Amino acid sequence: MSLRERSPSGAVEAVEDAVAAAALAAPDGPERCLSLLPWDRFSAWLHCVCVVGFDLELGQAVEVIYPPHSKLTDKEKTSICYLSFPDSNSGCLGDTQFCFRFRQSPGRKVSLCCFLDQLDRDLPVYLKKDTAYYYGYVYFRQVRDKSLKRGYFQKSLVLISKLPYVHLFRTMLKQIAPEYFEKSEAFLEAVCNDVDRWPPPIPGKILHLPIMGIIMKLRIPTYRDKPGTTPVVQNMHQADAQISMALPTVHEVDLFRCFCPVFFHIQMLWELVLLGEPLVVMAPSPSESSETVLALVSCISPLKYCSDFRPYFTIHDSEFKEYTTRTQAPPSVILGVTNPFFAKTLQHWPHIIRIGDTKLPGEVPKQVKVKKLKNLKTLDSKPGVYTSYKPYLNKDEEIVKQLQKGVQQKRPTEAQSVILRRYFLELTESFIIPLERYVASLMPLQKCISPWKSPPQLRQFSQDDFMKTLEKAGPQLTSGLKGDWIGLYRHFLKSPNFDGWFRSRQKEMTQKLEALHLEALCNENLVFWSQKHTEVETVDLVLKLKNKLLQADREHLPVKTDTLKKLETHINDIILALPDDLQDILLKTGTT
């Protein structure tokens, strides 16, 4: 079977649709669903694998898409082409790894692995899939080759996925890409067949992923994990000849290495990301731009960064005009760029991070003041942070001293990253705990829940009421940092990050109310109630209860299985107490 790109036939599409329907209906969960057809397991991890080469007449071009039936629109292929190569000015000779993120074309069908959405629910909020975006993980090679007209061999192997598992796919590419460039297409087919044998990406389980003679061992975090803790995955001793590799993380980047050029300003950068401010990272290469953007997005974890972010953004991006226009204020987005053209195009952006050639942090970076934006005019501008932003919180000198001491003592960058990640986590938790506490108070009391009335509504969020709680139960309980916390909260409440966080909490609490309402219904003697009411009222109750069961299943309400079984028993007991003709109708009736 040729790996050359070809259009999927209608037959393939019809089979996929039928399989997706069967998978959704399967009672035994994802493990069984994934054995239905070839490529189901592959689709749980990757959308496709692309090879992008350079054509003298066409420029960048997608040479291979595998599996061949993978669907990409022309617009998506164009995005992948331009984003898979560094800008010519980057001068990336040799091998370069980086990642990008691009919008999925609107109107696309739900992918075949939609039945894996139940796995998504067990993830921490910051690792959940964003249905509107794809990630591209790139291994780019550029080497001199006199046999080619251009004098260079230039090619990228690209993994396209919905999953933000940066470290996993980076490690995978490091294993397979060098060999692919030597062996070409048959090797790529073997790689994809290996991925199609992987277990589903179940959070919380130790997973063993074979890839070309090596087994990667890893654990995907769950929302139940205590923030800041990573269960250690030990290397296993294989009885056979296979080599194993334990991955300490699936998604984290080397935080200290990314922030090292600007670590005097980490607290200010945390504020800018928290508030969803427009940020540009200007870096010499896509690997540095993408890693820095991912580090920025992760610094407010366990909060999810809810705006758009592009680890590597080019002038060919379909959103280029939208994001660089001067006719309106810059959007809430973090862009990673390498093209010098952006130094002029994005001059009007309020916050710009300029990164020089990153060296391993072997010496203490010099204290660099925040620079004024008007000084950023040319490619020759010095590295630093260009902004007129004044932080709300006083600077934490302790973390800077701790990291500086680590550099002097040659502390490993992994250890420095752990310190920095813990600092960001404690800062974010100190900020978010008062909000969590106030939002929890909006929940109606359990005694207000009546089985015979609709579940009560959450009380409205009041900014004034929340601000009043800060005097006694504010961040000062967990953080020693002084400053204008009130101002920071006021600004945050207008941001996309607050909107996303509050919507998520609202949904959780509404589902909890629905679950409590179901439990209240189960604790009632419904058969006795039906005997005291007319047949019309009883039939109405049965239909409503059946809808409740459907809702519990559809919305995955946090209800115990025993509660649902008890409710089903109640429904059957009520139906059996009705006349035979009604029994027949109600037993056959599913739900409306």
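Refer to the preceding data block for the structure.
Residues numbered from 1 in each chain as written. Predicted model: local features only at pLDDT ≥ 70, side-chain atom pairs only at ≥ 80, totals over all residues. Heavy atoms only, no water.

Considering the overall build of the chain
When helices and strands are tallied, the chain shows 21 helices and 13 strands. Here the chain, with 592 residues, has 51% of them falling under the buried criterion. Taking all contacts inside the chain whose residues are at least 6 apart in sequence as the whole, residues at least 24 apart take part in 73%. For the chain, the accessible surface area stands at approximately 29,100 Å², while carbon and sulfur atoms represent 52% of it. (Helix = DSSP H or I, 4+ residues; strand = E, 2+ residues; numbered from the N terminus. Buried < 20%, exposed > 50% of the residue type's maximum accessible area, 1.4 Å probe, protein only. Contact = heavy atoms within 4.5 Å. Areas by Shrake-Rupley, 256 points an atom, 1.4 Å probe, with all protein chains shown as cover.)

Considering a negative patch on the surface
Together, Glu535, Asp580, Asp581 and Asp584 give the surface a local cluster of negative charge. Top element by residues in the negative patch is helix α21 (residues 580–588). It accounts for 3 residues. Structurally, aspartate 581 can be placed in helix α21. Overall, aspartate 581 belongs to the exposed group, its relative accessible area being 52%. (Patch = residues over 30% accessible without salt bridge, like charges linked within 9 Å, V, L, I, M, F, W, Y side chains within 5 Å. Salt bridge = Lys/Arg side-chain N within 4 Å of Asp/Glu carboxyl O. Lys, Arg positive; Asp, Glu negative; His and termini not counted. Charge placed at Lys NZ, Arg CZ, Asp CG, Glu CD.)

Regarding helix α16 (residues 485–492)
Of the residues making up α16, those classed as buried are Trp485, Gly487, Leu488, Tyr489 and Phe492. Against α9 (266–274), α14 (413–440), α15 (463–473) and α17 (496–522) lie the buried residues of α16.

Considering the sheet that holds strand β13 (residues 384–387)
Here 5 strands make up an open sheet; going across it, the order is β10-β11-β9-β12-β13 and the pairing mixed. Each edge of the sheet is formed by a strand with only one pairing partner; in this case those strands are β10 (308–310) and β13. The sheet shows a mean angle of 15° between the axes of neighbouring strands, taken without regard to direction. Sheet contacts for helix α10 (residues 286–298): β9 (279–282), β10, β11 (333–337) and β12 (351–354); angle to β11, the most-contacted strand, approximately 160°. (Pairing = 2+ DSSP bridges. Axes fitted to C-alpha atoms, helices over the stretch in contact; angles between N-to-C directions.)

Section: the environment of phenylalanine 181
Residue placement: phenylalanine 181 occurs in helix α6 (residues 166–183). For phenylalanine 181, a relative accessible area of 13% gives the class buried. Each C-alpha atom, one on phenylalanine 181 and one on serine 156, is 9.2 Å from the other, the two residues being 25 residues apart in sequence. Contact partners of phenylalanine 181, with chain neighbours within four places excluded, come to Tyr139, Arg141, Phe153, Lys155 and Leu157.

As for the packing of α17 against helix α20 (residues 561–576)
One way to put it is that α17 packs onto α20 with a least axis distance of 9 Å and a crossing angle of 45°. Here α17 is positioned oblique relative to α20, judged by the angle of their axes. As α17 packs across α20, the resulting crossing turns out to be left-handed. In contact with Leu518, Glu519, Leu521 and Cys522 of α17, α20 contributes Thr563, Leu564, Lys566, Leu567 and His570. Looking at the contact of α17 with α20 residue by residue, the class counts come to 5 nonpolar, 2 polar and 2 charged. (Parallel < 35°, antiparallel > 145°, perpendicular 65-115°, else oblique. Left-handed = near helix turned anticlockwise from the far one by under 90°. Nonpolar A, V, L, I, M, F, W, Y, C, P; charged D, E, K, R; others polar.)

Examining the nonpolar core
Nonpolar side chains in soluble globular proteins generally cluster together in the buried interior. Within the largest apolar cluster, 113 residues are counted, with the highest numbers of intra-cluster contacts made by Trp45, Met172, Phe259 and Leu435. If one sorts the elements of this core by residue count, α14 sits on top with 10 residues. Counting 22 residues, the second largest nonpolar core, distinct from the first, contains Leu526, Leu541, Leu567 and Ile574. (Core = buried A, V, L, I, M, F, W, Y, C linked by side-chain atoms within 4.5 Å.)

As for the environment of tyrosine 423
Tracing the backbone through its elements, the reader meets tyrosine 423 in helix α14. Overall, the relative accessible area of 9% leaves tyrosine 423 in the buried class. In this structure, the C-alpha to C-alpha distance between tyrosine 423 and glutamine 267, residues 156 residues apart in sequence, is 9.6 Å.

Observations regarding the packing of aromatic side chains
This model, assessed by the stated rule, comprises 36 aromatic pairs. Between phenylalanine 54 and phenylalanine 85 the ring centres are 6.5 Å apart and the planes differ by 25°, which places this aromatic pair in the stacked class. Note that phenylalanine 54 is positioned in strand β1 (residues 48–55) and phenylalanine 85 in the loop between α4 (74–83) and β3 (94–103), a separation of 31 residues in sequence. By relative accessible area, phenylalanine 54 is classed as partly exposed at 30%. Pairwise contacts between aromatic rings join Trp270, Phe431, Tyr438, Phe461, Phe466, Tyr489, Phe492, Phe498, Trp501 and Phe502 into one cluster. One residue, arginine 101, lies across the ring of phenylalanine 309, its end atom 4.0 Å from the ring centre. If you follow lysine 162 out to its NZ or CZ, it ends over the ring of tyrosine 134, 4.4 Å from the centre. (Phe/Tyr/Trp six-rings, centres within 6.5 Å; stacked < 30°, edge-to-face > 60°. Lys NZ or Arg CZ within 6 Å of the ring centre and 35° of its normal.)

Geometry only, nothing functional implied.
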